[in-house]
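# Examining the three-dimensional arrangement
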Amino acid sequence: LCITMMGVMSFWTGLMGIAEKSGILKTATVRLSPLIHFLFPELPKDHPAEKPIAANIIANVLGLGWAATPAGLKAMEDLAQLEEKRRQTGYLKNVPKDTASNEMCTFLVVNISSLQLIPINMIAYRSQYGSTHPLAVAGPAFLATCISTLAGVAVCRVMCRRKQYKSIKKDGWK
């Protein structure tokens, strides 16, 4: 099983590398920019975190969870630097150091819910174990991940607004 999965993983990770070097990921980042700014409204335009966020979303949509990990780690690092810069400029008052930002929480939820158009792992497992229709899981998996992603984003939005409301109520309108 490990050898089979390593082959599948190597293949798709290689394709992601080719996509990055050929500029496909950069083009996809530009095309995903409206979605990224919808999901992360407080993220500044053209922030360095946009590219790894887009790469992570693309890898997850293609069912390449393990290929999404390096981009996810880079995105969290960039978002942490943004948060630290906000603390230094006084934009964030009374927020303890090492507290996750709204963007970090939303990214984590989107990454974990992992909207998948093509569930590569599941298809590979089903094929490995002799399923007569390994692709039969694609439709239900897509539906399930759509629902989990939409629910996760909705909860993040509600919690972000609730947090903003509490800070306005506590500090007053400015």
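Conventions used here
- Residues numbered from 1 in each chain as written.
- Predicted model: local features only at pLDDT ≥ 70, side-chain atom pairs only at ≥ 80, totals over all residues.
- Heavy atoms only, no water.
- Helix = DSSP H or I, 4+ residues; strand = E, 2+ residues; numbered from the N terminus.
- Buried < 20%, exposed > 50% of the residue type's maximum accessible area, 1.4 Å probe, protein only.
- Areas by Shrake-Rupley, 256 points an atom, 1.4 Å probe, with all protein chains shown as cover.
- Polar contact = N/O pair within 3.5 Å; in protein donor to acceptor, adjacent residues only side chain to side chain.
- Contact = heavy atoms within 4.5 Å.
- pLDDT = per-residue confidence, 0-100.
- Expected span 1.5 Å × (residues − 1).
- Core = buried A, V, L, I, M, F, W, Y, C linked by side-chain atoms within 4.5 Å.
- Salt bridge = Lys/Arg side-chain N within 4 Å of Asp/Glu carboxyl O.
- Arc of directions from axis to C-beta.
- Phe/Tyr/Trp six-rings, centres within 6.5 Å; stacked < 30°, edge-to-face > 60°.
- Lys NZ or Arg CZ within 6 Å of the ring centre and 35° of its normal.
- Axes fitted to C-alpha atoms, helices over the stretch in contact; angles between N-to-C directions.
- Parallel < 35°, antiparallel > 145°, perpendicular 65-115°, else oblique.
- Left-handed = near helix turned anticlockwise from the far one by under 90°.
- Nonpolar A, V, L, I, M, F, W, Y, C, P; charged D, E, K, R; others polar.

### A word on the overall build of the protein chain
Counting its secondary structure elements, the protein chain contains seven helices and zero strands. For the protein chain, the α and β elements follow one another from N to C terminus as α-α-α-α-α-α-α. Every one of the 174 residues in the protein chain was classed for burial, and the buried ones make up 35%. For the protein chain, the accessible surface area stands at approximately 10,900 Å², while carbon and sulfur atoms represent 68% of it.

### Quick notes on the side chain of Asn56
Mapped onto the elements, Asn56 comes out in helix α3 (residues 50–61). A polar contact of 3.2 Å, which involves the side chain of Asn56, links it to the side chain of Asn111. Those residues within four positions of Asn56 in sequence are excluded, and the remaining contacts are Ala68, Ala71, Gly72, Phe107 and Asn111.

### Overview of the confidence of the model for the protein chain
Taken residue by residue, the protein chain gives an average pLDDT of 83. The fraction at 70 or more is 89%. No element of the protein chain has a lower mean pLDDT than helix α1 (residues 2–22), which averages 77, and none a higher one than helix α5 (residues 102–113), which averages 91.

### Some words on α5
With 12 residues, α5 extends 16 Å from end C-alpha to end C-alpha; this agrees with the ideal 16 Å at 1.5 Å per step. When we look at burial in α5, the residues that qualify are Asn102, Glu103, Met104, Thr106, Phe107, Val110 and Ser113. Of the residues trailing α5, Ser114 is marked for its positive phi of about 50 degrees.

### Details of the nonpolar core
Counting 28 residues, the largest nonpolar core has Met16, Ile36, Phe40, Leu43 and Ile53 as the members making the most contacts within it. Elements supplying a minimum of two residues to this core: α1, α2 (24–39), α3, α4 (65–88) and α5.

### Remarks on the pattern of salt bridges
Summed over all chains, the structure comprises five salt bridges. Between Lys74 and Glu77 there is a salt bridge whose closest N-O contact spans 3.8 Å. Placement of both Lys74 and Glu77 in helix α4 is noted, with a separation of three residues, approximately one turn of the helix. With relative accessibility at 43%, the residue Glu77 sits in the partly exposed group.

### Quick look at helix α6 (residues 120–128)
When α6 is considered as a whole, its buried residues turn out to be Ile120, Ile123 and Ala124. The buried residues of α6 all sit within an arc of 100 degrees when viewed along its axis, so they share a single face. With its phi angle positive at about 85 degrees, Gly130 sits one or two positions after the end of α6.

### Looking at unusual backbone geometry
Leaving glycine out, the prevailing phi sign among residues is negative, and the prevailing peptide bond configuration is trans. For Asp46, which is not a glycine, the phi torsion comes out positive at approximately 60 degrees. Relative to the assigned elements, Asp46 resides in the loop between α2 and α3. Positive phi, close to 50 degrees, is recorded for Ser114, a residue that is not glycine. Ser114 gets classed as buried once you look at its relative accessible area, which sits at 10%.

### What about the packing of aromatic side chains?
In this structure the tally under the stated criterion is zero aromatic pairs. Over the aromatic face of Phe38 sits the side chain of Arg157, whose NZ or CZ is 4.6 Å from the ring centroid.

### Section: the environment of Arg86
Among the secondary structure elements, Arg86 is positioned in helix α4. Only 3.0 Å separates the side chain of Arg86 from the side chain of Glu103, close enough to count as a polar contact.

### What to know about the packing of α4 against α5
How two helices sit against one another is set out by the angle between their axes and by the gap between those axes. Put simply, α4 and α5 touch, their axes get as near as 9 Å, and they point 165 degrees apart. On the basis of their axis angle, the class for α4 and α5 is roughly antiparallel. Regarding α4 and α5, the two cross each other, and that crossing is left-handed. Contacts between α4 and α5 pair Gly72, Ala75, Met76, Leu79, Ala80, Glu83 and Arg86 from the former with Glu103, Met104 and Phe107 from the latter. Of the residues in the contact of α4 with α5, the class split is six nonpolar, one polar and three charged.

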